[in-house]
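Descriptive analysis of the structure
For reference, the chains in residue letters:
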Amino acid sequence: YFGKVGMRNFHLIKHGKVIPAVNVDKLWSLVSEQTRQYYKEHTDKAPVIDVLKVGFMKVTGKGTLPEQPVIVKARYFTKEAEVKIKEAGGVCVLCA
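Below is a short write-up of the structure. Note that the structure is a prediction, hence the values are computed from the model and not measured.

Looking at the overall build of the protein
Summing up its helical and strand segments, the protein has three helices and six strands in all. Counted from the first residue to the last, the protein has its helices and strands arranged as β-α-β-α-β-β-β-α-β. The C-alpha radius of gyration computed for the protein amounts to 19 Å, which surpasses the reference 12 Å derived for 96 residues by more than 25%, pointing to a less compact arrangement than a globule. Dimensions of the protein, computed from the C-alpha atoms along their principal axes, are close to 70 × 25 × 25 Å. Taken across its 96 residues, the protein has 24% of its residues classed as buried. By sequence separation, contacts in the protein at least 24 residues apart represent 39% of the contacts at least 6 residues apart. For the protein, the accessible area works out to roughly 7,300 Å², and carbon and sulfur atoms hold 55% of it. Within the protein, the 9 negative side-chain charges are centred at a point lying 16 Å from the centre of the 16 positive side-chain charges.

Pasting the structure below:
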């Protein structure tokens, strides 16, 4: 088949809409086990897990979280993830 086919996209950005995601049950694997044990004993403070620094943008709601408060910073949250983090006593912080 010869000739021109289809439309042209002048400034094509490949992978422009790819959003790397992490599940709720994998959030605690982003920090060390020592950090988790420390904040388990010191319940007056909560650890901050910055998902963007690890390379993820979105937090999805698959899995369960332990009953331990955590502050999660991400660009996008699904509704299920937001509910699960708040049920555990945590906070969702949106970062641009």
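Still more ground to cover, so stick around.
So, the nonpolar core
Counting residues in hydrophobic clusters, the biggest one holds 16 residues, and the most contacted among them are Leu27, Val51, Val59, Leu65, Val72, Phe77 and Ile85. Put simply, the parts of the chain that give this core at least two residues each are strand E4 (71–74) and helix H3 (79–87). When sequence neighbours within four positions are dropped, the list of residues in contact with phenylalanine 77 reads Val59, Val72, Glu82, Ile85, Cys92, Val93 and Leu94.

A few points about the sheet that holds strand E6 (residues 91–94)
Taken together, the three strands give an open sheet; going across it, the order is E2-E4-E6, and neighbouring strands pair in parallel fashion. Looking at strand neighbours, the two that pair on one side only are strand E2 (48–50) and E6, the edges of this open sheet. Across the sheet, the mean angle from the axis of one strand to that of its neighbour is 20°, orientation sign disregarded. Two strands pair when backbone bridges link them, and E4 and E6 are joined in this way by four bridges, in the parallel orientation. Bridge pairing in E6 places isoleucine 71 opposite valine 91.

Some words on the packing of aromatic side chains
Inspection of every chain in the model, using the stated rule, returns one aromatic pair. Between tyrosine 38 and tyrosine 39, the ring centres sit 5.1 Å apart and the planes meet at 85°, which makes this aromatic pair edge-to-face. Taking the ring centre of tryptophan 28 as reference, the NZ or CZ of arginine 36 above it sits at 5.7 Å.

Some details on the side chain of glutamine 68
For glutamine 68, the position within the fold is in the loop between strand E3 (58–60) and E4. Of the polar contacts made by the side chain of glutamine 68, one reaches the backbone oxygen of arginine 36; its length is 3.2 Å. Setting aside chain neighbours within four positions, we find glutamine 68 in contact with Trp28, Arg36, Tyr39, Lys40 and Ala88.

Quick notes on unusual backbone geometry
Unlike most non-glycine residues, histidine 15 shows phi in positive territory, near 60°. Residue placement: histidine 15 occurs in the segment before strand E1 (21–23).

Conventions we followed
Residues numbered from 1 in each chain as written. Predicted model: local features only at pLDDT ≥ 70, side-chain atom pairs only at ≥ 80, totals over all residues. Heavy atoms only, no water. Helix = DSSP H or I, 4+ residues; strand = E, 2+ residues; numbered from the N terminus. Rg over C-alpha atoms; globule rule 2.2 N^0.38 Å. Buried < 20%, exposed > 50% of the residue type's maximum accessible area, 1.4 Å probe, protein only. Contact = heavy atoms within 4.5 Å. Areas by Shrake-Rupley, 256 points an atom, 1.4 Å probe, with all protein chains shown as cover. Lys, Arg positive; Asp, Glu negative; His and termini not counted. Charge placed at Lys NZ, Arg CZ, Asp CG, Glu CD. Core = buried A, V, L, I, M, F, W, Y, C linked by side-chain atoms within 4.5 Å. Pairing = 2+ DSSP bridges. Axes fitted to C-alpha atoms, helices over the stretch in contact; angles between N-to-C directions. Phe/Tyr/Trp six-rings, centres within 6.5 Å; stacked < 30°, edge-to-face > 60°. Lys NZ or Arg CZ within 6 Å of the ring centre and 35° of its normal. Polar contact = N/O pair within 3.5 Å; in protein donor to acceptor, adjacent residues only side chain to side chain.

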